[in-house]
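Residue-level listing of the chains:
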Amino acid sequence: MFTGIVESLGKILSLKSDSMQVEASFAGELSLGDSVAVNGVCLTATKLTSNSFWADVSPETFSRTAFDSLKVGSRVNLERAMAADGRFGGHIVSGHVDGRGTYSSAQKKGNSLEISFKVGRDLSKYMIEKGSVAVDGISLTIARIQKNDSGAIFTLAVIPHTLERTSLAFKNPGDSVNIECDLVGKYIENFVKEYGLRDESEKNLSDFMAGTFTSFH
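What you see as residue numbers is a count from 1 along each chain, following the sequence as written. Restriction of local features to residues with pLDDT of at least 70 applies here, the model being predicted, together with a cutoff of 80 or more for giving and counting side-chain atom pairs; totals for whole chains, interfaces and linings are based on all residues. As a rule here, side-chain values come from all non-hydrogen atoms in the structure, and water together with hydrogens is ignored.

*Asks:* For this particular structure, what's the right way to read the environment of Ile 138?
*Replies:* Considering the arrangement of structural elements, one finds Ile 138 in strand E10 (residues 138-148). Exposed residues in this analysis have more than 50% of their type's maximum accessible area, buried residues have under 20%, and partly exposed residues fall in between, with area computed by a 1.4 Å probe over protein chains only. With relative accessibility at 4%, the residue Ile 138 sits in the buried group. Ile 138 sits 40 residues away from Asn 178 along the chain, and the two C-alpha atoms are 9.7 Å apart. Runs of E in the DSSP output that reach at least two residues are strands. Runs of H or I that reach at least four are helices, and both are numbered from the N terminus.

Pasting the structure below:
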């Protein structure tokens with residue numbers, strides 16, 4: 001599990017159809033088998049040097065993510081799996097990307113840069129204003145969202161600290177990014193589909209949700 005708080009910027013040193021080598025400031029602290037989120041994608045360290053690690057990348061991962069837009073020299077966001085005694089500074093991020101978004105535009109506003117991304121309906125249905133989203137592994141808050149028949153454009157207010165410490169500073173309009181939506185919305189959707197609200201006269205949505213979450217205690 002990850003938090004979406006990027007530890008450091010890494011760099012792609014080698015990229016093949018089934019693996020990648022990533023320069024990482026914390027590589028010397030890794031052990032074989034450790035999980036590292038690379039642009040929000042959970043990968044396993046399979047080989048280590050003092051300043052880099054290798055990870056295998058499956059065809060499924062390439063097909064689901066924006067990894068196919070990476071090249072040698074690309075800067076990537078890195079985060080090690082959360083330690084049991086760590087602080088939870090972002091939100092729950094699994095490292096399992098839901099799909100891709102496209103960098104749409106950016107506009108300076110006060111001390112922040114408002115960046116907008118375009119996504120399809122398969123992703124936009126899990127997004128709400130002031131909700132959480134992971135963009136290339138960065139935990140961010142949706143400032144505004146405009147939904148339409150094909151999906152949505154959502155806007156993030158990115159502070160200077162985030163721009164300085166993440167790959168967002170290297171992104172341009174048209175670039176693809178990895179999107180992981182908030183887990184809570186996906187679980188709620190699954191519960192509703194699985195158990196259904198077959199008779200709204202007998203059970204409304206609020207009753208259903210109350211009973212669902214009570215079962216976790």
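*Asks:* Whenever I open this one, the sheet that holds strand E6 (residues 75-80) confuses me. Can you help?
*Replies:* One requirement defines pairing of two strands: DSSP has to find at least two bridges between them. Pairing within the closed barrel is antiparallel, and its six strands lie in the order E1-E2-E5-E4-E3-E6. Pairwise comparison of adjacent strand axes, ignoring direction, gives a mean angle of 45° for this sheet. Direction of pairing for strand E1 (residues 8-15) relative to strand E2 (residues 19-23): antiparallel, over a ladder of four bridges. Bridging across to E2, Ile 12 finds its partner in Val 22. Here an angle of 0 to 180 degrees is reported between the N-to-C directions of two axes, which are lines fitted to C-alpha atoms, with helices fitted over the stretch in contact.

*Asks:* When you look at the sheet that holds strand E8 (residues 112-120) in this model, what are you seeing that I'm missing?
*Replies:* Either a parallel or an antiparallel arrangement is found when strands of a sheet pair, and the pairing is made through backbone hydrogen bonds. Strand order around the closed barrel formed by six strands is E7-E8-E11-E10-E9-E12, with antiparallel pairing between neighbours. Each adjacent strand pair in this sheet contributes to an overall mean axis angle of 45°, direction not counted.

*Asks:* So what exactly am I meant to see when it comes to the pairing of strand E3 (residues 35-38) here?
*Replies:* The side chains of a regular strand alternate, first on one face of the sheet and then on the other. Bridge analysis of E3 against strand E4 (residues 41-48) gives four bridges, and the strand direction is antiparallel. Note that in E4 the partner of Val 38 across the bridge is Val 41. A loop of two residues connects E3 with E4, the two strands running antiparallel in sequence, and Asn 39 in this loop sits at a positive phi of about 50°. Alignment of E3 against E6, held across three bridges, turns out to be antiparallel. Opposite Val 36, over in E6, you have Arg 80 as the bridge partner.

*Asks:* What am I meant to see in unusual backbone geometry here?
*Replies:* Negative phi characterises most residues that are not glycine, and trans characterises most peptide bonds. If you check the backbone angles, Asn 39 has positive phi at about 50° while not being a glycine. Position of Asn 39 among the secondary structure elements: in the loop between E3 and E4. The backbone of Asp 136 shows a phi angle near 50°, a positive value even though the residue is not glycine. Note that Asp 136 resides in the loop between strand E9 (132-135) and E10.

*Asks:* Where do I start with the pairing of E8 in this structure?
*Replies:* Examined bridge by bridge, strand E7 (residues 99-109) and E8 share seven bridges and lie antiparallel to one another. Within E8, the residue paired with Gln 107 across the bridge is Glu 114. Two successive antiparallel strands, E7 and E8, enclose a turn made up of two residues, where Gly 110 displays a positive phi of approximately 60°. Pairing of E8 with strand E11 (residues 151-158), which is carried by eight bridges, proceeds in the antiparallel orientation. Counted as the bridge partner of Ile 115 is Leu 156 from E11.

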